[in-house]
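# Residue-level structural notes
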Amino acid sequence: PYKVISVLDSNGDLIAANGLNGTYLYERRPDSRIRQNVFAMVKRYLFGDVVDVSYRYAWDDWGITSNTVDAHYRFNLGRYNMVPAFYLEPHLRFYEQQGADFYRHSIVSSEAVPSYLSADYRLADMRATTVGLKFGFLSPHGHQSSVRLEYYRQSGNSHPSDALPNQKDIDLYPTVDAFILQYNYRF
C-alpha cells in the first residue's frame, strides 16, 4: 500500500484531518490476479528484409482489457559472409487499455469505501505509442552491436466525466513523454 487516494468533499476539495492538509486512504488491490491473452504474430522474409507484425488482446479479472499492435521492418543493408552486416529497423507500437474496475482518481467523503480501490494511473484507461529506429551492425570480430532510439508517449483521460467541480480544470492524467537510447553488444 504505497499509493494513496485523496478523500474529497463534493466540490473536489481536500478534507483536512488530524492536522494534515488532507484525508487519504491507502490503496487496496485484490490479493491475486488472473491474466489471459490471445497473441498472433506474422514474421516474414521479404525481398532480403524481415517484417514482424504482432497483435495481442489481453484481459484479466480486475476488469482490465488491452490491445497491442507491434510492428518492425528490418532493412538488411549489407552482408558479410552471408550474414547481414548492417541493418535499419523502424519500430511502431500502439497500446490501448481499459482500466481496472476499482481504479478511481479520488473518492468523495460521502461515498462508502469500496473493498478495492486504487489511484495508480497505470490501472486507468490509457493509450501509449512508441516510435523508434534501431541501427545494427557486425564488428570486425563478428560480434553484433545495435543502437536503438525510441520515443514513447503515454496518455489517458485528463478530464474524466466523473471529475468533481474543482477537478474540472486539473489535468488528472498528465501525458508522459520519454526518449529511450539503448546500446546492445552481443558476443
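Everything quoted here is computed from the prediction, not taken from an experiment.

On the surface, a nonpolar cluster with roughly 570 Å² of combined accessible area is contributed by Val-38, Tyr-55, Tyr-57, Val-69, Leu-92, Phe-94 and Val-131. Counting residues per element, the ones that place at least two in the nonpolar patch are strand S4 (49–60) and strand S6 (83–98). If you trace the backbone, Phe-94 turns up in strand S6.

This part is about the side chain of Ser-118. Looking at where Ser-118 falls in the secondary structure, it is placed in the loop between strand S7 (107–108) and strand S8 (126–138). Engagement of the side chain of Ser-118 in a polar contact is seen with the side chain of Glu-27, the distance being 2.5 Å. Sequence-distant contacts of Ser-118, that is, excluding residues within four places in its chain, are made with Ile-5, Glu-27, Arg-29, Phe-102, Tyr-103, Arg-104 and Leu-123.

In this section: the sheet that holds S7. Read from one edge of the open sheet, three strands run S2-S1-S7, paired in mixed fashion. Strands with a single pairing partner mark the edges of an open sheet, and in this sheet they are strand S2 (23–26) and S7. As paired strands, strand S1 (residues 4–8) and S2 are joined by four bridges and run antiparallel to one another. Across the sheet, the residue bridging to Ile-5 is Leu-25, located in S2.

Within the fold, Ser-155 resides in strand S9 (residues 144–156). In this structure Ser-155 comes out as buried when scored by relative accessible area, which is 19%. Residues contacting Ser-155, with those up to four places away along its chain left out, are Met-126, Arg-127, Tyr-173 and Thr-175.

Time to look at the packing of aromatic side chains. Inspection of the entire model under this criterion finds nine aromatic pairs. Taken together, a centroid distance of 5.1 Å and an interplanar angle of 45° make the contact between Tyr-151 and Phe-179 tilted. Remark: Phe-179 occurs in strand S10 (residues 176–186) and Tyr-151 occurs in strand S9; sequence separation between them is 28 residues. Judged by relative accessible area, Tyr-151 falls into the partly exposed class, the value being 27%. Over the aromatic face of Tyr-87 sits the side chain of Arg-74, whose NZ or CZ is 3.6 Å from the ring centroid.

Before going further, it helps to spend a moment on unusual backbone geometry. Unlike most non-glycine residues, Phe-47 shows phi in positive territory, near 55°. As for its placement among the helices and strands, Phe-47 is situated in the loop between strand S3 (35–46) and S4.

The predicted coordinates ought not to be read in detail in places where the model reports low pLDDT. Confidence along the protein chain averages 90 in pLDDT terms, with 95% of residues attaining 70 or more. The weakest mean pLDDT in the protein chain belongs to S2 at 84; the strongest belongs to S4 at 97.

Tracing the chain through its elements places Ala-71 in strand S5 (residues 65–80). Between the C-alpha atom of Ala-71 and that of Pro-114, which follows or precedes it by 43 residues, the distance is 40 Å. With residues up to four places along the chain from it excluded, the contact list for Ala-71 reads Asp-52, Val-53, Pro-90, His-91 and Leu-92.

The rules we used
Residues numbered from 1 in each chain as written. Predicted model: local features only at pLDDT ≥ 70, side-chain atom pairs only at ≥ 80, totals over all residues. Heavy atoms only, no water. Patch = residues over 30% accessible without salt bridge, like charges linked within 9 Å, V, L, I, M, F, W, Y side chains within 5 Å. Areas by Shrake-Rupley, 256 points an atom, 1.4 Å probe, with all protein chains shown as cover. Salt bridge = Lys/Arg side-chain N within 4 Å of Asp/Glu carboxyl O. Helix = DSSP H or I, 4+ residues; strand = E, 2+ residues; numbered from the N terminus. Polar contact = N/O pair within 3.5 Å; in protein donor to acceptor, adjacent residues only side chain to side chain. Contact = heavy atoms within 4.5 Å. Pairing = 2+ DSSP bridges. Buried < 20%, exposed > 50% of the residue type's maximum accessible area, 1.4 Å probe, protein only. Phe/Tyr/Trp six-rings, centres within 6.5 Å; stacked < 30°, edge-to-face > 60°. Lys NZ or Arg CZ within 6 Å of the ring centre and 35° of its normal. pLDDT = per-residue confidence, 0-100.

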